[in-house]
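# Coordinate inspection notes
Single-letter residue listing:
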Amino acid sequence: MATSSSVLDGHSEERMLRKLSAYRNYPPGVGRTSRFFPVRRVSAVRDYPPFCGPNALSLSKGDVSKGNGTEERKREFDFLARGGGSKTVMTARKSVNHSWMMLVKKKEGNASSSGGMDGKFSDAHRYCYNVNVPLLCRDNLSRGNSEADVTRNTVREIMRCFQAVCRKLLQEEEAKLKGKAKIRRRIDLEAAKILKKEGKYINSGKYIFGSVPGVEIGDEFDYRMELHLVGLHRNLQAGIDYTMRNGEHLATSIVASGGYNDELDKSGLLIYSGHGGNVMSRKKAPEDQKLERGNLALKNSIKKKNPVRVIRGAFFGGGSRRTFVYDGLYEVESCWQERGPHGKMIFKFQLRRIPNQPELPWIELQNSNMFTLRKGLCVADISNGKEALPILAVNTIDNEKPPIFEYITRMIYPSWLQPTPSKGCNCTDRCSDPTTCSCAGENGGIPFNHTGCIVEVKPLVYECGPSCKCPPDCYNRVSQNGIKFPLEIYKTDKRGWGVRSLRSIPSGRFVCEYIGELLEDKEAEERSGHDEYLFDIGGNLIKDALDSGGGFTIDAARFGNLGRFFNHSCAPNMYAQNVLYDHGDHRIPHIMLFAAENIPPLKELTYDYNYSKDEIFDSDANIKKKNCYCGSVGCTGRIY
DNA sequence: GTAAGATCACCGTT
DNA sequence: CAACGGTGATCTTA
């Protein structure tokens, strides 16, 4: 009760609730727009620029090197560390975390000539394949202490690497084909080769019965290859994975893809068909399935009662994206034969989910009508129709209503700073040809896949804008088009209000912009009391900012959008990306939040606020501290 | 609708 | 007996 992180430094939750009750009857965004009540509040703090020091995380020696941003950033850090331009007291501000890890792969046949340069930048680098993957944690401290902690983070990092490499390969292919032909490359196989070369396979040494370290129920995968490389299910095509133990075949995992019309029951019962008998092949005549291989292993597992991992493959979102979701451990209960649709005998197995495991989020969502019958629904749409999709507010914790603020969907710029559009491209197609599109040239290629995923982390992304001749569905217009996923705010147990999605979000997709009023830094200093909603921008383009005598801050306190509700996490699943599209002013990029990994439905959406620890002081020069309740593996317990 | 594809169990040979 | 190579199987993937 008293541990709510939404209440800080001397403010009790009771006091907070009393204040809230005064506004409870006002629907959000209506009336009293000048009144503001913060969900979270921090005292004066000082914000150092993001910088990756020697503690930077690397997955394994030599293979993953850290990119630290530009030289300008380092100079900026030195500048501020010396005391230049700093103040003793500053308001707390979120900022873009510009660290990433770089996965480097040498081209075949080139390795010998450039031996000894692994993981380092060199002239040979331009022959290398590389991609900037969003970092999971800012420093080693947040990697956790136990073996299991490290494994979980390692799994997440390797999945990010795989996904980023896939996006990069897809980008290359799309650029080559210029949108004319269908892609035929197996990017999953290629990405796996790259990761294998980098030593990024885990849990692959031995067969594992039961849970796989670092993989959690609800984790989502796009390719069978991903199941393979984290050790969840090693076969790339076969649905039953098994091994020999004490002279007996036993099943370790199955993939229920629906290829044999397998049925899944909400009660945890799964009827699974055996494999073999040429049921899937059209080239050979179907035969009776034999009690061998996986079929035999599953049958043996009835007696042994060994746990079998179940991975469900389906079009869960109802869309065109098929994913594999880890469903947890099952036991095989029984086995029988019956006649299949082709007239031949097939095996059937009944599996039951082992109790006391976390439920899949799909279950809860399937049992409720998404937009009207959500449990604890208290506001039908906090955007009041301003977003394309309604943004629900649900609270199953207490009676608190969401805070009052004015919902906006466009940045508010001060009257003296009305940004003007930069010169656009002359493309008449969807800017699929990076050699002719001038906007693509600014980016060094179109930074997005045709699936709407950002390929990799960049200091700055240039989307096409109002001056461009390309159509609205241009591949280089992504984040400017707003929220695409059904999102809701919800009351968390310890972190005030948070945000989650009702659909799974693929790695790399745009989620939400951080919108508010644009202020000069010095004006932001003067707005005390609600600094929880400040976001420091333009940090990566610090040279411009310093030259012009100061940076800018987004204040989402009085006017803002959903972006103000995302909580901090030490191991977040989104990251903030600088984007320009409607103007060319590098000092004031848009702050766009992108998914850094596959995010299952109902999982809290978070990013790294990027505060520094022990470097934030109040007016008495005391170090200010704020507890972190993000609950992620390896959380250090402090936001700053 | 089809062909390429990676990996492993299995089996036979060295 | 270990190590290696060939073969067949496989609820993939574009």
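This brings us to the pattern of salt bridges. Using the criterion set out here, one finds 28 salt bridges in the structure. Between K176 and E173 there is a salt bridge, and its shortest N-O distance comes to 3.7 Å. Note that K176 and E173 are positioned in helix α3 (residues 147-177) at a spacing of three residues, about one turn of the helix. Classification of E173 by relative accessible area gives buried; the value is 8%. The shortest N-O distance in the salt bridge between R186 and D188 comes to 3.0 Å. Since its relative accessible area comes to 48%, R186 is described here as partly exposed. Linked by salt bridges that have partners in common, E173, K176, R185 and E190 make up one network.

This brings us to the UniProt feature "domain: Post-SET" (unreviewed entry) in chain A. Here the UniProt-annotated "domain: Post-SET" (unreviewed entry) positions come out as residues 624-640. Counted over residues 624-640, helix gives 0% and strand 0%. Its end C-alpha atoms are 7 Å apart.

Moving on, we come to the side chain of S383. Looking at where S383 falls in the secondary structure, it is placed in the loop between β13 (377-379) and β14 (392-394). In this structure, S383 is in contact with I391 and Y407, ignoring residues within four places of it in sequence.

To continue, consider the pairing of strand β11 (residues 323-339). Two strands pair when backbone bridges link them, and strand β5 (residues 220-221) and β11 are joined in this way by two bridges, in the antiparallel orientation. Bridge pairing in β11 places E220 opposite V325. Relative to β11, strand β10 (residues 308-314) runs antiparallel, the two sharing seven bridges. The residue bridging A314 from the neighbouring strand is T323, located in β11.

Attention now goes to the sheet that holds strand β20 (residues 517-520). What the four strands build is an open sheet, ordered β2-β21-β22-β20; its pairing is mixed. Whereas interior strands pair on both sides, the edge strands pair on one side only; in this sheet they are β2 (94-95) and β20.

As a further point, take the side chain of D521. Looking at the secondary structure, you find D521 in helix α9 (residues 521-526). Overall, D521 belongs to the buried group, its relative accessible area being 17%.

Before going further, it helps to spend a moment on the state of the cysteines. Counted under the stated rule, the structure contains zero disulfides. Of all cysteine sulfurs in the structure, the one in C439 sits closest to C468, which takes part in no disulfide; the separation is 3.5 Å. Free cysteine: C630, not disulfide-bonded; nearest cysteine sulfur from C635 at 3.6 Å.

Every residue lining DNA strand B is accounted for by R186, L189, K193, Y201, Y207, H228, R234, L236, Q237, Y242 and H249. Counting only the atoms of DNA strand B that lie within 4 Å of the protein, the sugar and phosphate share comes to 83%. Here R234 contributes a side-chain N or O atom positioned 2.8 Å from a phosphate oxygen of DNA strand B. Within the side chain of H249, an N or O atom sits 2.7 Å from a phosphate oxygen of DNA strand B. For the surface near DNA strand B, a count of residues per class yields five nonpolar, three polar and three charged.

The rules behind these values
- Residues numbered from 1 in each chain as written.
- Chains lettered and ligands numbered in written order.
- Predicted model: local features only at pLDDT ≥ 70, side-chain atom pairs only at ≥ 80, totals over all residues.
- Heavy atoms only, no water.
- Salt bridge = Lys/Arg side-chain N within 4 Å of Asp/Glu carboxyl O.
- Helix = DSSP H or I, 4+ residues; strand = E, 2+ residues; numbered from the N terminus.
- Buried < 20%, exposed > 50% of the residue type's maximum accessible area, 1.4 Å probe, protein only.
- UniProt positions renumbered as here; feature names shortened; annotations may be inferred.
- Contact = heavy atoms within 4.5 Å.
- Pairing = 2+ DSSP bridges.
- Disulfide = S-S within 2.5 Å.
- Near = heavy atom within 4 Å.
- Polar contact = N/O pair within 3.5 Å; in protein donor to acceptor, adjacent residues only side chain to side chain.
- Nonpolar A, V, L, I, M, F, W, Y, C, P; charged D, E, K, R; others polar.

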